[in-house]
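Each chain, letter by letter, is given below.
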Amino acid sequence: MPSLRAVVLLGLSVVSVSLAAVVPGFNYGSQKVRGVNLGGWLVLEPWITPSLFDNTGDSRIVDEYTFGQYQDHNTALPVLQNHWNTWITEADFQAIAAAGLNHVRLPIGYWAFDVSGGEPFIQGQLPYLDKAVGWAGKYGIKVMIDLHGAPGSQNGFDNSGQKTSNPSWYLSQSNIDRTNAIIKRLADTYKDQSSVVSAIAALNDYPYGSSQQSNTVLAISDAFQGLNYWQGFMPTPNWQGVMMDIHIYQMFSDAENARSNEEHIQNACSRASSLSSFSLWVVVGEWTPAATDCAKYLNGRGKGARYDGTFPGSTRVGSCTGLTGKASSFSSQYKTFLRQYWEAQTSTYEQGSGWIQWTWKTEIADEWSYQAGLANGWIPKNPTTRAYPDICN
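Residues numbered from 1 in each chain as written. Predicted model: local features only at pLDDT ≥ 70, side-chain atom pairs only at ≥ 80, totals over all residues. Heavy atoms only, no water.

*Asks:* Now, about helix H7 (residues 173-190): what can you tell me, with residues and values included?
*Replies:* Between its terminal C-alpha atoms H7 stretches 26 Å, which fits the 26 Å expected from 18 residues at 1.5 Å a residue. Buried within H7 we find Asn-175, Ile-176, Arg-178, Thr-179, Asn-180, Ile-182, Ile-183, Leu-186, Ala-187 and Tyr-190. For H7, the secondary structure elements touched by its buried residues are helix H6 (126-139), strand E3 (142-149) and strand E4 (197-201). (Helix = DSSP H or I, 4+ residues; strand = E, 2+ residues; numbered from the N terminus. Expected span 1.5 Å × (residues − 1). Buried < 20%, exposed > 50% of the residue type's maximum accessible area, 1.4 Å probe, protein only. Contact = heavy atoms within 4.5 Å.)

*Asks:* Report on unusual backbone geometry, specifying residues and quantitative values.
*Replies:* Of the consecutive residues Trp-358 and Thr-359, the connecting peptide bond is found in the cis state with omega at 15 degrees. Position of Thr-359 relative to the elements: it lies in the loop between strand E8 (354-357) and helix H13 (370-376). Positive phi, normally seen in glycine, also occurs at Phe-224, with a value near 65 degrees. Residue placement: Phe-224 occurs in the loop between strand E5 (217-221) and helix H8 (227-230). Owing to a relative accessible area of 56%, Phe-224 belongs among the exposed residues under this scheme.

*Asks:* Pulling in residues and values, what's your account of the packing of H6 against H7?
*Replies:* Two elements in contact, H6 and H7, have axes whose closest approach is 13 Å; the angle formed by their N-to-C orientations is 40 degrees. Here H6 lies oblique to H7, going by the angle between them. The handedness of the crossing between H6 and H7 is right-handed. Residues Leu-126, Leu-129, Asp-130 and Val-133 of H6 form the contact with H7, whose own contacting residues are Arg-185, Leu-186 and Tyr-190. Here the residues of the contact of H6 with H7 are counted per class, giving five nonpolar, no polar and two charged. (Axes fitted to C-alpha atoms, helices over the stretch in contact; angles between N-to-C directions. Parallel < 35°, antiparallel > 145°, perpendicular 65-115°, else oblique. Left-handed = near helix turned anticlockwise from the far one by under 90°. Nonpolar A, V, L, I, M, F, W, Y, C, P; charged D, E, K, R; others polar.)

*Asks:* Explain the packing of aromatic side chains residue by residue, including any values.
*Replies:* The tally for this structure, following the rule as stated, stands at 24 aromatic pairs. An angle of 75 degrees between the planes, with centres 5.0 Å apart, marks the rings of Tyr-229 and Trp-230 as edge-to-face. Taking the relative accessible area as the measure of exposure, Trp-230 reaches 0% and is therefore buried. A ring pair is formed by Trp-342 and Trp-355, whose centres lie 5.7 Å apart and whose planes are at 75 degrees; its orientation type is edge-to-face. In this pair, Trp-342 sits in helix H12 (residues 332-349) while Trp-355 sits in strand E8, placing the two residues 13 residues apart along the sequence. Of the two residues examined, Trp-342 and Trp-355, each falls in the buried class. (Phe/Tyr/Trp six-rings, centres within 6.5 Å; stacked < 30°, edge-to-face > 60°.)

As structure tokens, then:
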């Protein structure tokens, strides 16, 4: 069986990364990426907008697939249209720019481009993608378009569009062909707009390739393998315009939830050398100042949290009270930790090419929200400001 690196190279064999110089729309080699994800907008996630799911009154609706499957189209479509119109607006882009950020990462699902074979997904997202690119250009923000979900699901999580215990994207050549066609379409659509759409993330948590010649950077996922696995992969000058997009979370296992605040900070700080010495540009494209899995539905609609022992098979660490929800319920000590952990991570991730926090806004999980962090003081108005400049020393 070929290695994952060999599979990725095969997929990238026709991509616009060659001896020809790529001139990205953002200077990833010298400027630091400081950005935020627009999560829960064009790809629904129950924990980001639990009201959209709870209001259905149907416990079978756990992802965007079932949102269309178990509701009448005429019921679901207006709800989605209202959500698309209101969750992210031009005012958000204005606020993101005012916060000193230079990137947004915008997740979108394959179903925005291609629905077939009776798939119940509801379309209508693409005009909002175009609006987002226009707003980003107006406010001087770069966009990384992230193909967040693929046919058959690439990871089995609800954030792929379809929560399943048997993700089958990689088992079907048709799924792979459909995905590649979408990536090619994205690359072709934005090939002359690299000054705004500076990068395309080929597939969230699974890498693949595209075929368009342009100055658009291709971001490939580390596919949960870690940086060591990819060290020396696709070296310059043989390859140009390739970025590694890694995701760093510390709450999706019992052991991570059991870490003390100081251990969370130390773990973040310990990643500096691997980031600074990596052979490609490397952006931490998802991370959060949250340190537990307490947020409602974070592990899936109807699933509990490892931290408080309500997730099946987990070992309880403590109560989630005061660790998730609205910032008004957070103690000053907790907000101090969020600030320290935020600074430890951003300072460390800038040892690589930078960072893009997950996520800009949430309904009821303020510990994850950049917007809430700005409003409540654990995220500085200027992302280079440090209250704890020696947090990693």
